[in-house]
Amino acid sequence: MSNVHGETCTVDNRVALTEVPIVVPPTDTLSQLEGGDVLVKSFTFAVGENEHTLISGGNGIGKTSLARVIAGLWPVWQGKLEVPESSDIFYLSQRAYLPIGSLRDQVIYPHSYAQMKAAGRTEAELMSILEKVHLLYLPGREGGFDTRKEWKDVLSGGEKQRICFARMFYHRPRFAVLDDCTNAVSSDVEDRMYESAIQAGITLLTITHRPSLLRHHVRQLIITGKETVGSQPQYNLTSLAQPATEHERQTLDAEIKQLRRTLEIEVPEWKTRLNQVNADLSGKRSM
Ligand SMILES: Nc1ncnc2c1ncn2[C@@H]1O[C@H](COP(=O)(O)OP(=O)(O)OP(=O)(O)O)[C@@H](O)[C@H]1O
Ligand SMILES: [Mg+2]
C-alpha cells in the first residue's frame, strides 16, 4: 500500500499548503511507496490574492521541488494542498520550453491556433502582449507570426524567457509560479514585466536568487531546509515593507515640495530678517 496520505483540493482564491512535506520521488519501486529524500518535513503557508511572495533559499534546497508539489507533479505525501483550478494558475519553469511550431505557437502554448481563434483572441492582442515583454520587434524580424523555426536555436536566452512570460500574459491566470524564469533578462525589462504582471492582477509566487525582485513582493519565504539546526521550522515567512500607494506617493511628493520651498525661499527670508533685527538691536545699543 502507498504511503501517500495527503489531499489536494481545488479552491478559488489561494495557494495553500498545510503540513505538507517536500519529498523527492525515489527511483526504485519499493521506496516509491515510502517516498525518498525529505527536503522539508512540513510546510504550512498560504498565498492569498495579491500576496505576491518571493521564495528564496540556496541551490538544491527544494524551491523547484516545492513548485512541483504545488503543480501536482510530485505527490502530496501528507497534509493538504489547496490550489486554484488549472486554468487559474500558471507555471513557468527554470528552463524555457519552446514547442515546435510557429512564432504564434510560442506565445499561445499550450493553446493551438484553432483554440486561440475560438476564444476570440486576436493578433493585435498578441502584439500588445509582446510589447509588454519588449519583443515587439520579433514578428517583423522573423517574417510574421506564421513563421516556423527551431526557436530554441534562434532566440537568445533572454528572448526565450520573455516569450515564456508573454505566454503568461496571454493566458491571464489569477496565480503564477515563476521559477527563476527571468534570470537572463536585464533588470530594467524584468522590472517592467513584473509591474505589468501585477497590474494584470496576477498573484505571483516567484522563486529567485535576485534580491532586486523583492520590491515587487509583499512577503518573502526563505527555505533553509536541511541546513536548519535542531527542531526549528525549515523555512521562514516574513512580511516585506509595502510599496507606497499612489496616494501616499502624492502626499509625500507634496510634503517634499513644501519643504524645498521653505528651504529655498522662506529660510533665506528669515535669515535676512534675523540679520536686520540684529543690526537694529546693535544700533540701538550703541546709541
Ligand atoms: N527528479 C529528481 N530525482 C531525484 N532528485 C531530485 C529530483 N529533482 C530534484 N532532486 C534533488 O532535490 C534537491 C532539491 O532540488 P530543487 O531542484 O528543488 O532545488 P532548488 O532549490 O530549486 O535549487 P536551484 O536554486 O539550484 O534551482 C536537489 O538535491 C536535487 O538534486
Ligand atoms: Mg530550482
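Keep in mind that this is a model prediction, so the values were computed, not measured.

Attention now moves to the overall build of the protein chain. Along the backbone of the protein chain there are 10 helices and 12 strands. Compactness check: the protein chain gives a C-alpha radius of gyration of 27 Å against a globular reference of 19 Å for 287 residues, more than 25% above the reference. Looking at the protein chain residue by residue over its 287 residues, the buried ones come to 40%. Considering only intrachain contacts with a sequence separation of at least 6, the fraction spanning at least 24 residues in the protein chain is 70%. Within the structure as shown, the protein chain displays about 16,000 Å² of accessible surface, and the carbon and sulfur contribution to it stands at 52%. Averaging the positions of the 32 positive and the 35 negative side-chain charges in the protein chain gives two centres separated by 4 Å.

Around the magnesium ion (ligand 2), the protein contributes the donor atoms Thr64 (OG1) and Gln94 (OE1), at 2.0 to 2.6 Å from the metal centre. Here Thr64 is found in helix H2 (residues 63–70), whereas its partner Gln94 is found in the loop between strand E6 (89–92) and strand E7 (101–102), with 30 residues between them in sequence. Taking the relative accessible area as the measure of exposure, Gln94 reaches 40% and is therefore partly exposed.

As a further point, take the sheet that holds strand E9 (residues 175–179). The sheet built from 6 strands is open, its strands ordered E6-E9-E10-E4-E11-E12 with mixed pairing. Looking at strand neighbours, the two that pair on one side only are E6 and strand E12 (235–239), the edges of this open sheet. Pairs of neighbouring strands in the sheet enclose a mean axial angle of 15°, with direction left out of account. As paired strands, strand E4 (residues 53–56) and strand E11 (residues 219–223) are joined by 4 bridges and run parallel to one another. Among the inter-strand pairings, Ile55 is bridged to a residue of E11, identified as Leu221. Running over the sheet, helix H8 (residues 157–171) touches E6 and E9 and is turned about 175° from E6.

Moving on, we come to H8. Compared with an ideal rise of 1.5 Å per residue, which puts 15 residues at 21 Å, H8 spans 22 Å between its outermost C-alpha atoms and is within 8% of the ideal. Counting buried positions along H8 yields 12 of 15 residues, so the element is predominantly enclosed.

Another aspect to go through is the domain arrangement of the protein chain. Under the domain assignment, the protein chain is made up of domain 1 (7–243) and domain 2 (244–287). In this structure, domain 1 and domain 2 have C-alpha centres spaced 53 Å apart.

Turning our eyes to something else, we now look at helix H5 (residues 123–132). Restricting attention to buried positions, one finds in H5 the residues Leu126, Ile129 and Leu130. Axial view of H5: buried residues confined to an arc of 100°, hence all on one face. Two residues or fewer after H5 comes His134, characterised by a positive phi angle close to 60°.

Attention now goes to the site of ligand 1. Ligand 1 sits among 14 residues. The nearest are Gly60, Lys63, Thr64, Ser65 and Gln94. Here Gln94 contributes a side-chain N or O atom positioned 2.8 Å from an oxygen atom of ligand 1. In the complex, 62% of the free accessible area of ligand 1, which totals 640 Å², lies under the protein chains. In terms of residues, the shell around ligand 1 owes the most to one element, H2, which gives 4 residues.

Reading the values: the criteria
Residues numbered from 1 in each chain as written. Chains lettered and ligands numbered in written order. Predicted model: local features only at pLDDT ≥ 70, side-chain atom pairs only at ≥ 80, totals over all residues. Heavy atoms only, no water. Helix = DSSP H or I, 4+ residues; strand = E, 2+ residues; numbered from the N terminus. Rg over C-alpha atoms; globule rule 2.2 N^0.38 Å. Buried < 20%, exposed > 50% of the residue type's maximum accessible area, 1.4 Å probe, protein only. Contact = heavy atoms within 4.5 Å. Areas by Shrake-Rupley, 256 points an atom, 1.4 Å probe, with all protein chains shown as cover. Lys, Arg positive; Asp, Glu negative; His and termini not counted. Charge placed at Lys NZ, Arg CZ, Asp CG, Glu CD. Donors = N, O, S within 2.8 Å, 3.2 Å for Na, K, Ca; no water. Pairing = 2+ DSSP bridges. Axes fitted to C-alpha atoms, helices over the stretch in contact; angles between N-to-C directions. Expected span 1.5 Å × (residues − 1). Domains from an automatic or database assignment. Arc of directions from axis to C-beta. Near = heavy atom within 4 Å. Polar contact = N/O pair within 3.5 Å; in protein donor to acceptor, adjacent residues only side chain to side chain.

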